[in-house]
Amino acid sequence: MALLLRVVISPKEARRLKLSEVPESVDQLVDVIKERLELQGDFLVQFEDPDFGNALCNLTTMSELPAEHAVLHIVWDSDSSSLNQCIGSVSSLDTASVHSGDIRSSWTDSIQTNLRHVTQWPSPFPIPKLSYDVELQLRKGNETYEKSKKGLDVTREIKMEILDKIAQAIFEIKSYPEKDELESVASSLVLKYPCLKEPGSITGYEGWKTSIKYKLGNFRSKLRRAGCNEVDVNSKRKGGTEDNSPFTLKRPRRGEVNHVPDYPQHHSDFTLEEERLHLVEEMKKKKRDQTLIQHKMELTFSLRRKEIVEGQPMVSEVQERWPALFSCEQISQEFCRITSKDLLESFRGSLDIYVPRLLRLYRARKGAFGQKMEDVLDALDEKTSDILTHRKTAALRGLPIFVRDDTSKFFLQCSVAGVDKGVARETATWSACDSSEDAAVRRRGPPPGDPPVHRGEDWRRR
């Protein structure tokens, strides 16, 4: 049986690996990954477990992997010196340049940035391991509870140990969890340790839920005093003209995994501002070093997020300070940094879900949209091969008709000649789910007489 893998080597690098046969053991899988991806050094393999909301789990047996396809994460040993060699090989840095020293330094620092990678709240929530003495008392308490249904007399030391560890575990996933997420934590706690159930409570964990909520608030206060960016953006500073304005809590929006990460190690506002200025100067060049731009954008991600979340600047201000962010390639990369998901893969996955619904909607209301919608659906009905691709094409072609927009300006139109690689790749991506005739029209550009599409305006429209 074939197995398709997405191997995440580092926060920047992910590779696609297709195996004709499933290895018999994890050690054999590691050997195959090292051979096929040309990796060196010792590492641990983790996989995204769908039973726990795609949370990472250590791979111990091959039977734990989902069937047909899976996402693996490489966790390098901290004492392994082969990490930089591996990164150099997968990045294809075959020749040295003037900026080679800066690139290595920037990339090494970017690895140390505290970024989250859990995209969904785990269910059930994994209760962290407690200190040995507390674990021993809870184990004895569970044995007593099984025999006599008598709960454990929780001392202050036990409660503080439990709440401290749980608050840290929650913050590693999410800084501002919702009420139902806090309830799932309290439920998992009494499920693992029944001796902690509260007598007289309907659920048995209402008091624990409240304690976890307030403990997490105290933990955020400690982190704010320590200089944590993610909670520091929510500190209401006294003084100034804006003090009378209502305070708005800056929570991560839906899908945001890395809201305002901390600065990379050995960096501050001053050093990251210097990196930003170097990035702006690089964008002014006619022949840009895309590798350098990628590394600088990775390095300055935390500064950029703090400016956008805390200052909430206008789009024009962001475009002036971060011109590289408005390139097609960096839009996808920034999406991945914030959400830990691939933009195009997310788009294609959502497209697979909504294509049947869109086509049913088009057919139900095709009379209201005239001949254009009729032509799109008739062209789909005439196809006899590669139906899935043609269904996606019809769904995309019918979308501007359905929203009554100009079909010639709804999607990006450009010529492959004379554009940067990012735009060319995006054009190729759209062409992959488009018909060959439409792809040829898109590569030729807009018809004569049509006004050219401004890339900045088109980016905002998309």
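Model, not experiment: these values are computed from the prediction.

### Observations concerning a positive patch on the surface
Link 1 in the chain: Taken together, Lys 129, Arg 139, Lys 140, Lys 147 and Lys 192 make up a surface patch of like positive charges.
Link 2 in the chain: It is helix 4 (residues 132-148) that provides the largest number of residues to the positive patch, a total of three residues.
Link 3 in the chain: Among the secondary structure elements, Lys 192 is positioned in helix 6 (residues 179-192).
Link 4 in the chain: For Lys 192, a relative accessible area of 39% puts it in the partly exposed group.

### A closer look at the pattern of salt bridges
Opposite charge on two side chains lets them pair, provided their charged atoms get close.
Link 1 in the chain: In total, this model carries 17 salt bridges according to the counting rule given.
Link 2 in the chain: In this structure, Arg 276 and Glu 273 form a salt bridge, with 2.7 Å as the shortest nitrogen-oxygen distance. Separated by three residues within a single helix, Arg 276 and Glu 273 lie in helix 9 (residues 269-284), roughly one turn from each other.
Link 3 in the chain: Its salt-bridge partner being Arg 304, residue Glu 334 comes within 2.9 Å of it at the nearest N-O pair. Taken as a pair, Glu 334 in helix 13 (residues 328-339) and Arg 304 in helix 11 (residues 301-311) lie far apart in primary sequence, 30 residues in all.
Link 4 in the chain: For Glu 334, a relative accessible area of 7% gives the class buried.
Link 5 in the chain: Take Arg 304: its relative accessible area is 0%, and that puts it in the buried class.
Link 6 in the chain: If you follow the salt bridges from partner to partner, you end up with Glu 273, Arg 276, Glu 307 and Arg 321 in one network.

### Observations regarding the nonpolar core
Link 1 in the chain: Counting 33 residues, the largest nonpolar core has Ile 162, Ile 170 and Trp 208 as its most contacted members.
Link 2 in the chain: Of all the secondary structure elements, the ones that give two or more residues to this core are helix 4, helix 5 (156-173), helix 6 and helix 7 (206-226).
Link 3 in the chain: The greatest single-element share of this core, amounting to nine residues, is contributed by helix 5.
Link 4 in the chain: Aside from chain neighbours lying at most four places away, what touches Ile 162 is Leu 130, Leu 138, Leu 189, Leu 196 and Trp 208.
Link 5 in the chain: In terms of nonpolar packing, the next biggest core, distinct from the first, is built from 22 residues, Val 26, Ile 33, Met 62 and Leu 72 among them.

### Structural notes on the packing of helix 9 against helix 11
Link 1 in the chain: Direction vectors running N to C along helix 9 and helix 11 enclose 100°, while the axes themselves pass 9 Å from each other. With respect to helix 11, the element helix 9 is oriented roughly perpendicular. Residue-level contacts link Asp 269, Leu 272 and Glu 273 of helix 9 to Ser 302, Leu 303 and Glu 307 of helix 11.
Link 2 in the chain: When the residues that make up the contact of helix 9 with helix 11 are grouped by side-chain class, the tally is two nonpolar, one polar and three charged.

Definitions and cut-offs
Residues numbered from 1 in each chain as written. Predicted model: local features only at pLDDT ≥ 70, side-chain atom pairs only at ≥ 80, totals over all residues. Heavy atoms only, no water. Patch = residues over 30% accessible without salt bridge, like charges linked within 9 Å, V, L, I, M, F, W, Y side chains within 5 Å. Areas by Shrake-Rupley, 256 points an atom, 1.4 Å probe, with all protein chains shown as cover. Salt bridge = Lys/Arg side-chain N within 4 Å of Asp/Glu carboxyl O. Lys, Arg positive; Asp, Glu negative; His and termini not counted. Charge placed at Lys NZ, Arg CZ, Asp CG, Glu CD. Helix = DSSP H or I, 4+ residues; strand = E, 2+ residues; numbered from the N terminus. Buried < 20%, exposed > 50% of the residue type's maximum accessible area, 1.4 Å probe, protein only. Core = buried A, V, L, I, M, F, W, Y, C linked by side-chain atoms within 4.5 Å. Contact = heavy atoms within 4.5 Å. Axes fitted to C-alpha atoms, helices over the stretch in contact; angles between N-to-C directions. Parallel < 35°, antiparallel > 145°, perpendicular 65-115°, else oblique. Nonpolar A, V, L, I, M, F, W, Y, C, P; charged D, E, K, R; others polar.

Worth remembering: the numbers are spatial, not functional.
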